[in-house]
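Residues per chain, in single letters:
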Amino acid sequence: MVTEGAYLHSEGQAIVIEVERKTVGRVPLHMVDSIACFGRAMVSPQLMEACAEGQIAINFLSAGGRLLARVDTPGSGGVRLRRSQYRKADDAQFKQELSRAIVAGKLQNSRGNMLRSARDLPEAAATGSLRAAAGLLEYAIGRLPSADSMDAIRGLEGDSARVYFENFACMTPAASEGLVFVKRTRRPPLDAVNALLSLFYSILAHDCTAALAIAGLDPSVGYFHQERPGRPSLSLDLMEEFRSILVDRFVITLINRRQASPDDFVTRPGGAVEIKDAARKRLIGEYQLRKQETRIHPYLNQEAPLGRFPALQARILARHVRGDLDCYVPVIFK
């Protein structure tokens, strides 16, 4: 929900959306996996109770997408799963093995993103740069099995992310002036492309947090990302494999198809760039449509909407943490 002053409450088995005391929407509860409230959107206590009973997580975010608070669902995994999660967070070998899988998934999908753009682009120079960068990521993937410490694994991930974003602009050759990517900036984003990335990364983190809570895992206790107060470390772990295939590819498409324009953004005092309210609402709607596209899950071999993939991966991760699976298999799209 991105409309300022919106009020959400329950009526029977439906979520009712009101703006200025007028009903503007109604959504069946059974069709909702989670709720994200941006800015000054409000949720009634009765709806919170209904969401808790239906295992629907609620996240409250700033207008720019920063997580402020969340209402967790009780979860279905129980205390035994979480006890196993906490014990394994102190197991150095388990952390390294899972972190290698997380980083491998991220780098494979980032590499695939660049190769896809290289196939689609007519510019020879950009194509050569993207293929060279993809080769560097392939080299990093090959080094992951021999990375024998968390610092080494994080170093490979950090170096690869730098290479990826140094070549991000090559994937948006049709970018209009004001939407040319230069470098990754955040907290706050300092240009329009970074504002888009930050917003949709925040939504992805929300989706991963909700998926983990429903699977019975604690989103705050992760393995690859270090734990910090208020940081959903496990959500950040889970979202790594989805960054390029859900968010980056979506933002690249917005720019290349000119579905976003410089007029959709405003620069605040101090240099922070924000998406205007109307544009944010429209672009989030486009992102929801993107999440409804279906793909075959490469490990489960079943068709599902892209928006359901974090929930499927959260369940796979829960099985691995519980000890039912020997290893965690990230989603990798070819």
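Residues numbered from 1 in each chain as written. Predicted model: local features only at pLDDT ≥ 70, side-chain atom pairs only at ≥ 80, totals over all residues. Heavy atoms only, no water.

Asks: How would you summarise the overall build of the protein if you had to cite specific residues and measurements?
Replies: Of regular secondary structure, the protein possesses 10 helices and 11 strands. Expected size for 334 residues packed as a compact globule is a radius of gyration near 20 Å; at 20 Å, the protein falls within 12% of this value. Dimensions of the protein, computed from the C-alpha atoms along their principal axes, are close to 55 × 50 × 40 Å. Taken over 334 residues, the protein has a buried fraction of 52%. Here the analysis covers contacts within the protein between residues at least 6 apart in sequence; of these, 60% occur between residues at least 24 apart. Entry remark: accessible area of the protein is about 15900 Å², with carbon and sulfur atoms responsible for 50%. Once the 44 positive and 37 negative side-chain charges of the protein are each reduced to a mean point, those two points are 1 Å apart. (Helix = DSSP H or I, 4+ residues; strand = E, 2+ residues; numbered from the N terminus. Rg over C-alpha atoms; globule rule 2.2 N^0.38 Å. Buried < 20%, exposed > 50% of the residue type's maximum accessible area, 1.4 Å probe, protein only. Contact = heavy atoms within 4.5 Å. Areas by Shrake-Rupley, 256 points an atom, 1.4 Å probe, with all protein chains shown as cover. Lys, Arg positive; Asp, Glu negative; His and termini not counted. Charge placed at Lys NZ, Arg CZ, Asp CG, Glu CD.)

Asks: Would you mind going over the pairing of strand β4 (residues 34–38) in detail, with residue names and values included?
Replies: Counting buried positions along β4 yields four of five residues, so the element is predominantly enclosed. Both β4 and strand β6 (residues 57–61) contribute to a ladder of five bridges, which runs parallel. Along β6, the bridge assignment pairs Ala36 with Asn59. (Pairing = 2+ DSSP bridges.)

Asks: Describe the pattern of salt bridges, and please don't skip the residues or the numbers.
Replies: Enumeration according to the criterion identifies 13 salt bridges in this entry. Of the charged contacts in the structure, one is a salt bridge between Lys106 and Glu240, with a shortest N-O distance of 3.0 Å. Here the residue Lys106 occupies a position in helix α3 (residues 92–120), and Glu240 occupies one in the loop between α7 (233–239) and α8 (243–256), the gap between them amounting to 134 residues. Each member of the pair, Lys106 as well as Glu240, carries the same accessibility label: buried. The shortest N-O distance in the salt bridge between Glu138 and Arg111 comes to 3.6 Å. (Salt bridge = Lys/Arg side-chain N within 4 Å of Asp/Glu carboxyl O.)

Asks: Can you explain the packing of aromatic side chains? Please cite residues and give values.
Replies: As enumerated under the stated definition, the model contains 10 aromatic pairs in all. Measuring from centroid to centroid gives 5.4 Å for Phe94 and Tyr223, while their planes differ by 65 degrees, and the two rings are edge-to-face. Taken as a pair, Phe94 in helix α3 and Tyr223 in the loop between α6 (192–215) and α7 lie far apart in primary sequence, 129 residues in all. Tyr223 carries the same exposure label as Phe94, and that label is buried. One cation-aromatic arrangement involves Arg243 over Tyr201; the distance from NZ or CZ to the ring centre is 4.6 Å. Above the ring of Phe333, the side-chain terminus of Arg295 is found at 4.7 Å from the ring centroid. (Phe/Tyr/Trp six-rings, centres within 6.5 Å; stacked < 30°, edge-to-face > 60°. Lys NZ or Arg CZ within 6 Å of the ring centre and 35° of its normal.)

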